[in-house]
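# Report on the structure
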Amino acid sequence: MAQETSASAQAETKEFDAVIVGAGFAGMYMLHRLRGLGLTACVFEAGDGVGGTWYWNRYPGARCDVESLEYQYGFSDEIQRDWTWTERYAAQPEILRYQNYVADRLDLRRDIRFSTRVAAATYDERAGLWSVATNRGDRVAARFCIMATGCLSAARVPDFEGIDEFEGPWYHTGDWPKEGVDFSGKRVGVIGTGSSAVQSIPLIAEQAKHLTVFQRTANFTLPAGNRPLPKEEIEKSKATLMQDRRHARTTAGGIICFEYNETPAAEMTPEDRARELNDRWNMGGFAFLGAFGDVMATHEANDYAAEFARAKMREVIEKPEVVDLLLPNDHPIGVKRLCLDTHYLETFNAPHVDLVDVRKAPIERITKKGIVSGGKEYEVDCIVFATGFDAMTGALTSIDIAGRNGAKLSEKWAAGPRTYLGLGSAGFPNLFFITGPGSPSVLSNMIVSIEQHVDWIAECIGRLTEGNIRSIEPTKDAEDVWVEHVNEVASTTLYPQANSWYMGANIPGKPRIFMPYAGGVGVYGEKLAEVAAKDYEGFALGA
Ligand code: NA7
């Protein structure tokens, strides 16, 4: 299947109706919708193929934590009917194949310029155009600039002293070599124990001679319950996918494979609570967090779920010296992204796998031969940084974006992202973010949220174009009210109580703001529809 660059026209053509940054799920669908409006669009993509997140995250065991039957586009019955998933949770290679299949079906590549990173986007107020410059010297102008840059795309390696001295190879899970890595016979150090580590550690341990895992925070993890998908389940899903996807948009998380129990924990008997938790644990996946109506809202309810999870986790850990270390005890369950695993905890039972607590003794430096923590040097042949991303804002602020009067987005957002609906920011006309901060995004099934945004943006651009309206831009007032609302909703949940990437807490110096909108996809969709129905209430339209 062709993944190589096939864009040719864009380099010569300098002006488009729209520029799209990124060719992951969001950029691909946005391009398709703009074409449908008869508009021209140029997509810039840093990778040499489509895929976005799924292009870069090729680490061993990389797998989506949303079920594959729900983690696919819902805009085309034909596309979904002709594609068949093989597992309950699709692995990265299968998702990337799916994205390439969609790119083929829709002939998307001819408008995508691959291996090209957008460096700057500057609004020319007089012309009413965005001028976009890339690292390869392209310069294009477009009325609309759409950031499909992804929420988890700016991979981050912490600034450990001595990293340049390390004599072996090192890798970041979010920027994994295309050709793969063979750890056979190697002493490997993995830093981090978030989802990427939880997925990759069991497979790295299978190959490595010795594995040392450096853990700062123990995470809640539960068995994913991955399995091959039976034919009947696939056929059933194909028959109802379109209506299921419409339904998904009315739910909190954009997922319909399980329902949330709305009863608060305190109103249930101990037996009912235990049964609910047990059933959901056995289902695998995020269903567990739907055990009571208030798991994410009150400590009492959350503690029931957290205690249950710790007890289950404890059952499979055999080495007494690591049990307490592996059991999370410093944050409520679910406020950091729950990890879904396949034999993660069991991996630490193996004699060649060690766990180092770098909460107690933070990593001091990297040396020629390894990693120093607590005054001890752990010798390794290679290092895997499973250290996460500058989430939600990193990919946007790394582009030099200048709006009206040359104002920089990165400066405007220095104290935290400010958007209206997560879709745009005051002072930046005709600039759209797909699943930007202030929208449900990472708290939801990303594809549902992507489609919700792309559909809204496409309709908006269509109406502006038809009505000869030159520009759209959030008003400062509407933005202020929305930012406050996002904070208010977050404060009714337990989310702000953990040092999570949702809060920007994994990046030294990043403001601690809960970035996604916790009100749910359904509620948020109603707000989007209302704003559009009221002629884009909260936006200023330029004649
Ligand atoms: P995460 O979830 O951000 O995990 C990163 C891990 O790296 C986490 O355990 C961090 O500990 C750890 N980390 C980060 N910096 C350091 C330093 N300086 N020292 C030690 N440990 C460190 O990223 P993932 O890639 O695993 O997952 C991202 C999302 O992708 C995931 O939530 C799913 O939605 C899919 P910390 O917890 O900050 O103490």
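What follows is about the overall build of the protein chain. Scanning the protein chain from N- to C-terminus turns up 16 helices and 20 strands. In terms of C-alpha radius of gyration, the protein chain reaches 23 Å, essentially the compact-globule figure of 24 Å for 543 residues. A principal-axis box enclosing the C-alpha atoms of the protein chain has dimensions of 70 × 60 × 45 Å. Within the protein chain, the fraction of its 543 residues that count as buried is 58%. Of the roughly 22,000 Å² that the protein chain leaves accessible, carbon and sulfur atoms contribute 49%.

Here the focus is the site of the ligand. Taken together, 19 residues lie near the ligand, and Thr193, Ser196, Arg216, Thr217 and Lys336 sit nearest. Thr193 is positioned with one of its backbone polar atoms (N or O) 2.9 Å from an oxygen atom of the ligand. If the ligand stood free it would expose 780 Å²; the protein chains cover 87% of that surface. Tallied by class, the residues present in the shell around the ligand amount to 8 nonpolar, 8 polar and 3 charged.

Judged by pairing direction, the sheet is antiparallel, and its 3 strands sit side by side in the order β13-β14-β15 without closing on themselves. Taken across any chain shown, the strands that pair with only one partner, and hence form the sheet edges, are β13 (363-366) and β15 (376-379). Ignoring strand direction, the axes of neighbouring strands in this sheet form an average angle of 25°. As defined by bridge partners, strand β14 (residues 370-373) adjoins β15 across 4 bridges and the pair is classed as antiparallel. Paired with Ser373 across the bridge in β15 is Lys376.

The next point concerns the environment of Glu235. One can find Glu235 in helix α7 (residues 231-248). Relative accessible area serves as the criterion here: at 44%, Glu235 is assigned to the partly exposed category.

The rules we used
Residues numbered from 1 in each chain as written. Predicted model: local features only at pLDDT ≥ 70, side-chain atom pairs only at ≥ 80, totals over all residues. Heavy atoms only, no water. Helix = DSSP H or I, 4+ residues; strand = E, 2+ residues; numbered from the N terminus. Rg over C-alpha atoms; globule rule 2.2 N^0.38 Å. Buried < 20%, exposed > 50% of the residue type's maximum accessible area, 1.4 Å probe, protein only. Areas by Shrake-Rupley, 256 points an atom, 1.4 Å probe, with all protein chains shown as cover. Near = heavy atom within 4 Å. Polar contact = N/O pair within 3.5 Å; in protein donor to acceptor, adjacent residues only side chain to side chain. Nonpolar A, V, L, I, M, F, W, Y, C, P; charged D, E, K, R; others polar. Pairing = 2+ DSSP bridges. Axes fitted to C-alpha atoms, helices over the stretch in contact; angles between N-to-C directions.

Coordinates in, geometry out; function isn't part of it.
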